[in-house]
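Spelled out from the first residue to the last, the chains are:
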Amino acid sequence: MPNRRFADGEVVMGRWPGSVLYYEVQVTSYDDVTHLYTVKYKDGTELALKESDIKSQSSFKHRKSQSSSSSPSRRSTSRSRSRSPGRPAKGRRRSSSQSREHKDDKKKIIQETNLALLVLFCLFKPSENNTRRYNGEPDSTERNDTSSKILEQKLKADLEIERVLDQYSLRPRKEEKKEEIYSEKKTFETIKTAEKASSKTKELEFGGRFGTFMLIFFLPATVFYLLLMCEQDDPSLMNFPPPIPTFESLWEARVFGLFLLWFFLQALFYLLPIGKVVEGLPLSNGRKLQYRINGFYAFVLTAAIIGTLLYFQFELHYLYDHFMQFAVSAAAFSVGLSIYLYIRSLKAPEEDLAPGGNSGYFVYDFFTGHELNPRIGSFDLKYFCELRPGLIGWVVINLAMLLAEMKIHNQSTPSLSMILVNSFQLLYVVDALWNEEAILTTMDITHDGFGFMLVFGDLVWVPFVYSLQAFYLVGHPTAISWPVAAAITILNGVGYYIFRSANSQKNNFRRNPADPKLAYLKFIPTATGKGLLVTGWWGFVRHPNYLGDIIMALAWSLPCGFNHILPYFYVIYFICLLVHREARDEHHCKKKYGLAWERYCQRVPYRIFPYIY
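Quantities reported herein were computed from a predicted structural model and do not represent experimental measurements.

S.K.: What should I look at first to understand the overall build of the protein in this one?
M.R.: Regarding its fold elements, the protein presents 21 helices and 11 strands. For the protein, long-range pairs separated by at least 24 residues make up 71% of all intrachain contacts whose partners lie at least 6 apart in sequence. Summed over its atoms, the accessible surface of the protein is roughly 34,300 Å², and 60% of this surface lies on carbon and sulfur atoms.

Quick look at the structure:
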């Protein structure tokens, strides 16, 4: 196998497909099988080039300096291929006598050429027999040596005529223009074909096509298993499998209608002209989408509606009584929405497709999301689902579980454990909505398409799995002391502080690296123009926000006690999820930043847990 000449992260000169022009590019990766380099242009375009189409900057500059010292006449000739040899370079002055002489010479050349054409046509005019031969019909003089020589001479003459026409630029201008248009069209088609091929997703995640196919069934099965286990008197792993419920206990049209009402109510709040409008990060084509930041206002309006319903004696614990049916309704709606998103993505332009969901495989693209930012007018479906129906619904479900606990156990006040779980998770949701603008810099928005994975995660997994601790406490009350509650509260506070301060550092630095308030932060510059922080939280571990997430998840589960492992599923799941995301981030950052990322990893060796991992 030949050795590669250019390293990842190296800045070189790459030839644009279908042309002779070279542009400055950065090498991002190398395929040992195809021996192709993946390079990134300054506008963000990524293409696969052969080694022969890549040159080092030093050799390119050397050749450029040599060409710049060549004679002006050579440069002017190369600039205009249609200029005749006798025509002077553009910009030179010439006298009127010289102009007349030039015109006379040109007329003479045209006359001589026309005469030559007439003579050649008369000499080599095809006979009837020749015409038959060209049409495939036999004749009496077929394969005659004399006719072969005449044909050979005619072909030579035709070639000579072509040479004269090209040399003196005697072709009609329309013909030249047609050739130029055809050449430009072919070049454009070549470039578009190369761009389309380079935009395809080459590296498949989640186990590829087979893995994503299994996850489409495994994720809903996991949600229903957890909810069924929580309903058991003894939710231990020894009682597996739980009893399978009847269809009537899983589906009710009224519940599905209430879910649709909730979804479209949040969509209405999203469309209200309140809150500021901000721009997201630049897309691959340089375009920036606009987003209205009003999630916190939607939360306040929702709280006002819930408070009004409670004032008029509406029984919110209806959610607890039909919890499984709400989960099934949300799952059914998420499947329908995912199908709609995939069908509409088939007509989306190439530039609107997600970099991670454009593999060409139906199952994989359906799961990961084929289109990056599907919109109906200005209504961004992915951005809306990320924070509104599921996240705010999580808080409403927790409140319903608190009221159900009080009713079922005849309590005048909720238990201390339920208060802690509701308070900690309420803080997390309010923080996310208050800092809504920060989500625009996450991979969910900038890289991942909107498919079954995010749709199911936003509408089913978040509200029905994240509320697992509150649902568990309704049927399995756990008493804790005040000192234990205080210790758990401190633990949650530490996790929240790490999570919020780390995310704030990252988001502020991405928005404005030149902010004087961030002058104390040190960073490693990269070829993309961005910097990698090596001080603050991001100099402590590579993903401090994940560390804060895990600490908070532990604090949410501790109020449930240690009788069963089921309430700690969220912690186990969160650790596995974040380790997967961390490995995914490592891969993308290494591909994106090249040698700068390797330097960063040397400066910051620990990924999530300091001195451990």
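S.K.: Can you walk me through the pattern of salt bridges in this structure?
M.R.: Proximity of charged atoms lets side chains of opposite charge pair with each other. Inspection of every chain in the model, using the stated rule, returns 8 salt bridges. In this structure, the salt-bridge partner of Lys276 is Glu437, at a minimum N-O distance of 3.1 Å. Taken together, the residues span a long stretch of sequence, with Lys276 in strand E6 (residues 276–279) and Glu437 in the loop between helix H14 (416–434) and helix H15 (443–446) at a distance of 161 residues.

S.K.: Help me understand the confidence of the model for the protein, please; the structure alone is not making it clear to me.
M.R.: For residues with low pLDDT, the predicted coordinates do not support detailed interpretation. Per-residue confidence for the protein gives a mean pLDDT of 79; residues scoring 70 or more make up 77%. A low-confidence stretch, residues 112–151 stays under pLDDT 50, and its non-local contacts, those more than four residues away or across chains, total 21 contacts. Overall, residues 187–198 carries pLDDT values under 50, and its contacts beyond four positions in sequence, including any with other chains, amount to 12 contacts.

S.K.: I'm lost on helix H8 (residues 253–271) in this one. Help?
M.R.: It helps to recall that an α-helix has 3.6 residues per turn; residues three or four apart then point in one direction. Its 19 residues give H8 an end-to-end C-alpha distance of 27 Å, which sits within 8% of 27 Å, the value for a rise of 1.5 Å per residue. For H8, the complete set of buried residues consists of Val255, Phe259, Trp262, Phe263, Gln266, Ala267, Phe269 and Tyr270. Around the axis of H8, the buried residues are gathered within 165 degrees of arc, so they sit on the same side. For H8, exposure combined with an orientation more than 90 degrees from the buried face picks out Ala253, Arg254, Leu261, Phe264 and Leu271.

S.K.: Can you help me understand the nonpolar core in this one?
M.R.: Taken as a class, soluble globular proteins show a tendency for nonpolar side chains to be buried jointly. Residues Phe464 and Tyr466 are the most contacted members of the largest nonpolar core, which totals 106 residues. Broken down by element, the residue count for this core peaks at 16 residues, all from helix H13 (residues 381–408). Mapping this core onto the domain boundaries places at least three of its residues in each of domain 2 (208–477) and domain 3 (480–612). In this view, Tyr466 contacts Trp394, Gln425, Trp461, Tyr570, Tyr573 and Phe574; residues no more than four positions away in its chain are not counted. Phe509, Trp538, Cys589 and Val604 belong to the second largest nonpolar core, which has 16 residues in total.

S.K.: Mind showing me how you'd approach the UniProt feature "transmembrane region" (unreviewed entry) in the protein here?
M.R.: Mapped onto this structure's residue numbering, the UniProt feature "transmembrane region" (unreviewed entry) falls at residues 206–228, 255–274, 295–314, 326–343, 454–474, 480–499, 520–541 and 561–580. Each end of residues 480–499 is marked by a C-alpha atom, and these two atoms are 26 Å apart; helix forms 90% of the span and strand 0%. Segment residues 561–580 splits into 60% helix and 0% strand. End C-alpha atoms: 28 Å apart.

S.K.: Got a minute to help me understand empty space enclosed by the protein in this structure?
M.R.: Regions of empty space are outlined by a rolling probe, equal in size to a water molecule, passed over the atoms. Evaluation of the coordinates by the stated rule reveals 2 cavities of 30 Å³ or more. Within this model, the largest cavity holds a volume of roughly 50 Å³. Together, Glu205, Phe206, Ala354, Gly356, Gly357, Thr368, His447, Asp448, Gly449, Met453 and Arg584 line the largest cavity. Each residue belonging to the lining of the largest cavity can be placed in one class, and the counts come to 3 nonpolar, 5 polar and 3 charged. Taken as a whole, the second largest cavity spans an internal volume of roughly 30 Å³. Lining the second largest cavity are Ser338, Leu341, Tyr342, Asp365, Phe366, Gly369, His370, Phe450 and Gly451. For the lining of the second largest cavity, the secondary-structure elements that each account for two or more residues are helix H11 (323–345) and helix H12 (362–368). With 3 residues, H11 is the largest single contributor of residues to the lining of the second largest cavity. Here the lining of the second largest cavity is composed, by residue class, of 4 nonpolar, 4 polar and 1 charged.

S.K.: Whenever I open this one, the sheet that holds strand E5 (residues 54–55) confuses me. Can you help?
M.R.: Each strand in a sheet pairs with another by means of backbone hydrogen bonds, the pair being arranged parallel or else antiparallel. Spatially, the 5 strands line up as an open sheet ordered E4-E3-E2-E1-E5, and their pairing is antiparallel. The strands lining the two open edges of the sheet, one partner per strand, are strand E4 (46–50) and E5. Note: strand E1 (residues 11–15) against E5, 2 bridges, orientation antiparallel. Counted as the bridge partner of Met13 is Lys55 from E5.

S.K.: What exactly am I supposed to notice about unusual backbone geometry here?
M.R.: Across the chain, the bulk of peptide bonds are trans and the bulk of non-glycine residues have phi less than zero. Phi at Gln313 is positive, roughly 65 degrees, even though this residue is not glycine. Structurally, the position occupied by Gln313 is in the loop between helix H9 (295–311) and helix H10 (318–321). Relative accessible area serves as the criterion here: at 65%, Gln313 is assigned to the exposed category. The backbone of Asn410 shows a phi angle near 50 degrees, a positive value even though the residue is not glycine. The topology assignment puts Asn410 in the loop between H13 and H14.

S.K.: In this structure, what is going on with the side chain of Asp365? I would like to understand it.
M.R.: With respect to the secondary-structure elements, Asp365 resides in helix H12. Apart from the residues lying within four places of it in its own chain, the contact partners of Asp365 are Tyr342, Gly357, Asn358, Ser359, Gly360 and His370.

S.K.: For this particular structure, what's the right way to read the packing of helix H18 (residues 482–511) against helix H19 (residues 544–557)?
M.R.: Helix-helix packing is characterised by the crossing angle of the two axes and by the distance between the axes. At a minimum axis separation of 8 Å, H18 and H19 run at an interaxial angle of 155 degrees. As judged from the angle between their axes, H18 and H19 are roughly antiparallel. Remark: the crossing between H18 and H19 carries left-handed chirality. For the pair H18 and H19, contact is made by Ile488, Leu491, Asn492, Gly495, Tyr496, Ile498, Phe499, Ala502, Asn503 and Lys506 and by Pro544, Asn545, Leu547, Gly548, Asp549, Ile551, Met552, Leu554, Ala555 and Trp556, respectively. Here the residues of the contact of H18 with H19 sort into 13 nonpolar, 5 polar and 2 charged.

S.K.: Help me understand the environment of Leu226 in this model?
M.R.: The residue Leu226 is located in helix H7 (residues 208–230) in this model. It is 8.9 Å that separates the C-alpha atoms of Leu226 and Phe569, two residues lying 343 residues apart in sequence. Among all residues touching Leu226, those that are not within four sequence positions of it are Val465, Leu468, Leu566 and Phe569.

S.K.: Even after reading the chapter, I still don't get the environment of Leu440, so can you show me in this structure?
M.R.: On the secondary structure map, Leu440 appears in the loop between H14 and H15. On the basis of relative accessible area, Leu440 is assigned to the buried category, the value being 1%. Residues Leu440 and Asn507 lie 67 residues apart in sequence; the distance between their C-alpha atoms is 9.3 Å. Non-local contacts of Leu440, meaning those with residues more than four positions away in its chain, are made with Val278, Glu279, Gly280, Leu281, Tyr291, Tyr383, Ile445, Thr446 and Arg511.

Definitions and cut-offs
Residues numbered from 1 in each chain as written. Predicted model: local features only at pLDDT ≥ 70, side-chain atom pairs only at ≥ 80, totals over all residues. Heavy atoms only, no water. Helix = DSSP H or I, 4+ residues; strand = E, 2+ residues; numbered from the N terminus. Contact = heavy atoms within 4.5 Å. Areas by Shrake-Rupley, 256 points an atom, 1.4 Å probe, with all protein chains shown as cover. Salt bridge = Lys/Arg side-chain N within 4 Å of Asp/Glu carboxyl O. pLDDT = per-residue confidence, 0-100. Expected span 1.5 Å × (residues − 1). Buried < 20%, exposed > 50% of the residue type's maximum accessible area, 1.4 Å probe, protein only. Arc of directions from axis to C-beta. Core = buried A, V, L, I, M, F, W, Y, C linked by side-chain atoms within 4.5 Å. Domains from an automatic or database assignment. UniProt positions renumbered as here; feature names shortened; annotations may be inferred. 1 Å grid on protein atoms, 1.4 Å probe; cavity = no way out; pocket = protein on both sides within 12 Å on 5 of 7 lines; lining within 4 Å. Points joined across faces, edges and corners; volume = space filled by probe spheres on them. Nonpolar A, V, L, I, M, F, W, Y, C, P; charged D, E, K, R; others polar. Pairing = 2+ DSSP bridges. Axes fitted to C-alpha atoms, helices over the stretch in contact; angles between N-to-C directions. Parallel < 35°, antiparallel > 145°, perpendicular 65-115°, else oblique. Left-handed = near helix turned anticlockwise from the far one by under 90°.

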